[in-house]
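Structural features, examined
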Amino acid sequence: MKVTLICHSDMLGGASVVTTRLMRALRDEGVDARMLVYTKLSDDPNVGIVSSRGLRGLRFMGERLCIAAANGMSRSNLFKVSIANTGARIDRHPWVKDADVVVLNWINQGMLSLKGIRKIGQMGKPIVWTMHDMWCLSGICHHSYECKGFEQSCGKCQFLRSKSDRDLSHRIWKRKKSLYDSIPVTFVAVSHWLGRRAQRSSLLGNADVRVIPNAFPVNSFSTQPEGSVATMKFNPGQNIIVMGAARLDDPIKGLNYAIDALNYVFDNRPEMARDSLAVFFGSIRDRSLLDNLRFPHVYLGTVSDPKLLRNIYAAAKIVLSTSLYETLPGTLIEGQASGCLPVTFGRGGQSDIVTHLKDGYIARYKDAVSIADGLQWALSQNVDREELHESVRRRFAASSVAQRYIELFNELLARKS
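Anyway, here's the lowdown on the structure attached to this text.

The subject of this paragraph is the sheet that holds strand β8 (residues 239–247). Taken together, 6 strands build an open sheet; the order of strands is β10-β9-β8-β11-β12-β13 and the sheet is parallel. The open sheet has two edge strands with one neighbour each: β10 (297–299) and β13 (361–363). Strand-to-strand twist of the sheet, defined as the mean angle between neighbouring strand axes without regard to direction, takes the value 20°. In terms of strand pairing, strand β12 (residues 341–345) meets β13 through 3 bridges, oriented parallel. Bridging from a neighbouring strand, Val343 pairs with Tyr361 of β13.

In structure tokens:
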């Protein structure tokens, strides 16, 4: 079986990382899986590049200019939406022509247009579209926050500051509706939360939507750090609370709730704070945000070394996430695979990872005191790190996830024949 996965990148961003993991998991199970990307950062020979750098830049700028023209030239929400009005002619690529199944992933920012997806569909190949956020089921947004416009036909888009029912979000909604009505697509939600949102949406309410989690390389993560913890600026015996993101002060990551919760623990349980250390990794545009944090902490900056990242998790007791929305938060899975207890809000796919008060803590939404309660609970637990590691293997092991995709591919190919 030949399968071609399509994604914006192979390493840039969470969706790209998990798509690359899926490709490799499929290959480990005997599938001839390859991946086409816009931006290649690895040296994997099974990852190919589409289009030249110059054309990629032009397409990217063309899409952003259209969005800017619709939102009053505002930069604040420029990357919270995509319109897929331009993209590469991926249907002409030999890997797509030879494929038995095409798997779309995160295809925005000039990678693939809606017209391009239609051309792939017209080739008669089964299309599986793995959804890493809400873009497939909404007009233009990647996360709708509290907006329920995706349950209707969009319009009056908050990210465009629009008061029109027929704005850009509604026009793209209509194009998606036409696309989905004209070609068969099987959608895969990576969490049950996203699957439920798809069922409520006007675009995918009647579509074939499956729920399959992201493939996770469990064996790459250990419950004990390799080498001295002291080399990571930690003191032996400290209770480490780790929080990381590509960009920590992205508003959707809710860093202010983490700071307030840690300060609450510092003020009310000083003995716990004295024996603990909060470790942050990822980029921060405004470093002064951490100046408000009284809880003992260290900021490591961006961590690009996978071994160092695994050691940080293995040295930690808690992995903290205060994201306002997460489809299937990878940091929680990575932490849990390393023996950490997750403490998190539950607005998203967290419930696929955490069973409250069993293998983690799900706090009340946007409630810093509830996060603080979760931190105090987790700090007081005697963690069975190996059991947490094995629980991740049972649910997210790359081999079992790959098998679920293979079963889906075989079902679609049998239906086609």
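Having seen it, we continue.
In this section: the sheet that holds strand β5 (residues 127–131). Spatial ordering of the open sheet is given by β3-β2-β1-β4-β5-β6-β7, a layout of 7 strands whose pairing is parallel. Because the sheet does not close on itself, it has two edges, and the strands there are β3 (47–49) and β7 (208–211). Neighbour-to-neighbour, the strand axes of the sheet open up by a mean angle of 25°, direction not taken into account. With 7 bridges joining them, strand β1 (residues 2–9) and strand β2 (residues 32–39) adopt parallel strand pairing. Looking at β2, one finds that Lys2 is bridged to Asp32. Each of β5, β6 (185–189) and β7 touches helix α6 (residues 192–200); the most contacted strand, β7, lies at about 165° to it.

Summed over all chains, the structure comprises 20 salt bridges. In this structure, the salt-bridge partner of Glu334 is Arg21, at a minimum N-O distance of 3.5 Å. Of this pair, Glu334 sits in helix α10 (residues 330–337) while Arg21 sits in helix α1 (residues 14–28), placing them 313 residues apart in sequence. Taking the shortest distance from any N to any O, the salt bridge between Arg415 and Glu411 comes out at 2.8 Å. Of the two residues, Arg415 and Glu411 are both situated in helix α13 (residues 398–416); the distance of 4 residues between them amounts to about one turn of the helix.

Cut-offs applied
One numbering rule holds for all chains: residues counted from 1, following each sequence as written. Thresholds applied to this predicted model are a pLDDT of at least 70 for local features of residues and 80 or more for the giving and counting of side-chain atom pairs; totals over whole chains, interfaces and linings are not thresholded and use all residues. Where side-chain values are given, they derive from all heavy atoms of the structure, hydrogens and water being excluded. Whether two strands pair comes down to DSSP finding at least two bridges between them. Secondary structure counts use DSSP, requiring at least four H or I residues in a row for a helix and at least two E residues in a row for a strand, with both numbered from the N terminus. Axis angles are defined between N-to-C directions and span 0 to 180 degrees, where every axis is a line fitted to C-alpha atoms and, for a helix, only to the segment in contact. Residue contacts are counted whenever heavy atoms from the two residues lie within 4.5 Å of one another. We define a salt bridge as a side-chain nitrogen of Lys or Arg found within 4 Å of a carboxyl oxygen belonging to Asp or Glu.

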